[in-house]
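An overview of the molecular structure
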Amino acid sequence: MLDESLLDAPDALARADRRGLLRGAAEAGARVRTAARHAAEAGIGTLAPEGRPRAVLVAGPGTAAAGVADLVGALAGASAPVTAIRPTGVAAAAGALRWTLPGWAGSVDLLLIATADGSEPGLALLAEQAYRRGCTVVAVAPVRSPLREAVDGVHGLVVPMAAAPHGEYDAETSAAGPGTLWALLTPLLALLDRVGLIDASPDTLQKVADRLDRTAERCGPAIATYSNPAKTLASELADSLPLVWTEGDAAGPVGRRFAAVLAELAGRPALVAELPEALPSHGGLLAGAFAAGADPDDFFRDRVDEPEAMRARVVLLRDRPTGGLSAGPAARELALSHDTAISELEPEEGSELEALAELLAVTDFAAVYASLASDNRA
């Protein structure tokens, strides 16, 4: 259940936000600027690469590292294949996780390590393994962490993770916190710009930070729900099963992160698919038990003490369409033909990175509001 009255009570939101999530979302732009400065100070801007890497491998724990790998893959596109190295282990604890390089990885490949913890022995072992294979290793990790000591200057380059301006988040949620993603991602964007895989110049990163700041102003706790896209989305998703349909290269990883953060922070399930494949793959959900008009056979029974059934709601995340080709109209038609409500987010004009930043900011804020206003998470 979502307490919608809490959304328009800034003081109550602040009291409920014991994990500092709203502050983390608001500080995302500042984290980008600090992370870009750390990247420059680490010497990324002065690198003279001898061509592009054959492949990029990304490793790290938790929601943030998974988001980094997904976003890097979407931004790099066809420039180079991007492979996420998934951890194995008996538990999701720093000491239990292990990462292994693919057998084909070698001297023409680039390994990126992203961690908000830095105490994982498995990542230090991975960096050592990559060094023996001749891979270039670049890591983003907290300033005082075992990983930085193990890698920096010996097995590769380490960029200090940009700290939150007013102190770190709760350790349990930092990996999914909105600012943490940008603290890990930004130095890697600067590196990939330097090796020619993406366009993330210092000027572009500054525009990304500005876009994040403007979006935070629109989505902040003092802005009423009716004019706040993040609060509106959180309210619309109350008691529903979100079907997150994405269109465009930038929107895909944003949708997958939105579902992951909703689950981790708010304890809410969501399903994600890319258009146009989402139409057949999720079409059955709109016609089955989650359909707006679905009802058990016993229509006349007493429902006073029964919880309200969860219904599907489509969330359409789109980049601005290129060439006029879009599956958006077909998505709306399918949803409305099944009396299913639909929420839409589309960024303002700008670069691909700016569009991605805006969509990430709105959905991160929405997940935070859903978390704070949910009875089981407040």
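The paragraphs below set out a description of the structure included in this document. (Residues numbered from 1 in each chain as written. Predicted model: local features only at pLDDT ≥ 70, side-chain atom pairs only at ≥ 80, totals over all residues. Heavy atoms only, no water.)

**Some points on the overall build of the protein chain**
Here is the rule: Only DSSP runs of H or I reaching four residues or more are called helices, and only runs of E reaching two or more are called strands; each is numbered from the N terminus. Throughout this description, buried means an accessible area under 20% of the type-specific maximum (1.4 Å probe, protein chains only), exposed means over 50%, and partly exposed covers the range between. Should any heavy atoms of two residues lie within 4.5 Å, those residues are counted as being in contact. Using a 1.4 Å probe, the Shrake-Rupley method yields the accessible areas, and only the shown protein chains count as cover for residues. We score Asp and Glu as negative and Lys and Arg as positive, and we do not count His or the chain ends. Here the site of a charge means NZ on Lys, CZ on Arg, CG on Asp, or CD on Glu.
In terms of regular secondary structure, the protein chain is built from 14 helices and 9 strands. Projected onto its principal axes, the C-alpha coordinates of the protein chain cover approximately 70 × 45 × 45 Å. Counting across all 378 residues of the protein chain, residues that qualify as buried make up 52%. A separation of at least 24 residues holds for 78% of the contacts in the protein chain among residues at least 6 apart in sequence. A total of about 16,200 Å² of accessible surface is found on the protein chain, and carbon and sulfur atoms cover 54% of it. Computed over 32 positive and 50 negative side-chain charges, the inter-centroid distance for the protein chain is 5 Å.

**Digging into the nonpolar core**
The tendency in soluble globular proteins is for nonpolar side chains to be buried as a group. Condition: By convention a nonpolar core is built from buried Ala, Val, Leu, Ile, Met, Phe, Trp, Tyr and Cys residues, the set being connected through side-chain atoms within 4.5 Å.
Within the largest apolar cluster, 87 residues are counted, with the highest numbers of intra-cluster contacts made by Val-68, Leu-112, Trp-182 and Leu-192. Sort the elements by how many residues they give to this core and helix H14 (residues 352-373) lands first, with 15 residues. Sequence-distant contacts of Leu-112, that is, excluding residues within four places in its chain, are made with Val-56, Leu-57, Val-58, Ala-59, Val-138, Leu-188, Leu-191 and Leu-192. Leu-111, Ala-127, Ala-130 and Val-137 belong to the second largest nonpolar core, which has 20 residues in total.

**Some details on the sheet that holds strand S5 (residues 157-160)**
Strand pairing in a sheet relies on backbone hydrogen bonds. The paired strands run either parallel or antiparallel. How we decide: One requirement defines pairing of two strands: DSSP has to find at least two bridges between them. Inter-axis angles, ranging from 0 to 180 degrees, are taken between N-to-C directions of lines fitted to C-alpha atoms, where helices are fitted over the stretch in contact.
With parallel pairing, the 5 strands of this open sheet are ordered in space as S2-S1-S3-S4-S5. Strands at the two margins of the open sheet, each flanked by one partner only, are strand S2 (82-85) and S5. Recorded for the sheet is a direction-independent mean angle of 20 degrees between the axes of neighbouring strands. Along the sheet, helix H6 (residues 121-133) makes contact with strand S1 (55-59), strand S3 (109-114) and strand S4 (136-141), crossing S3 at roughly 165 degrees.

**Focus on H6**
Convention followed: Here the expected length of a helix is defined as 1.5 Å per residue gap, with one fewer gap than residues. In this description, the arc belongs to the directions extending from the helix axis to the C-beta atoms.
With 13 residues, H6 extends 19 Å between its outermost C-alpha atoms, agreeing within 8% with the 18 Å of an ideal straight helix rising 1.5 Å per residue. Burial in H6 covers these residues: Gly-122, Leu-123, Leu-126, Ala-127, Gln-129 and Ala-130. Looking straight down H6, one finds that the buried residues subtend no more than 160 degrees of arc, so they occupy a single side. At the C-terminal side of H6, Gly-134 shows a positive phi close to 90 degrees.

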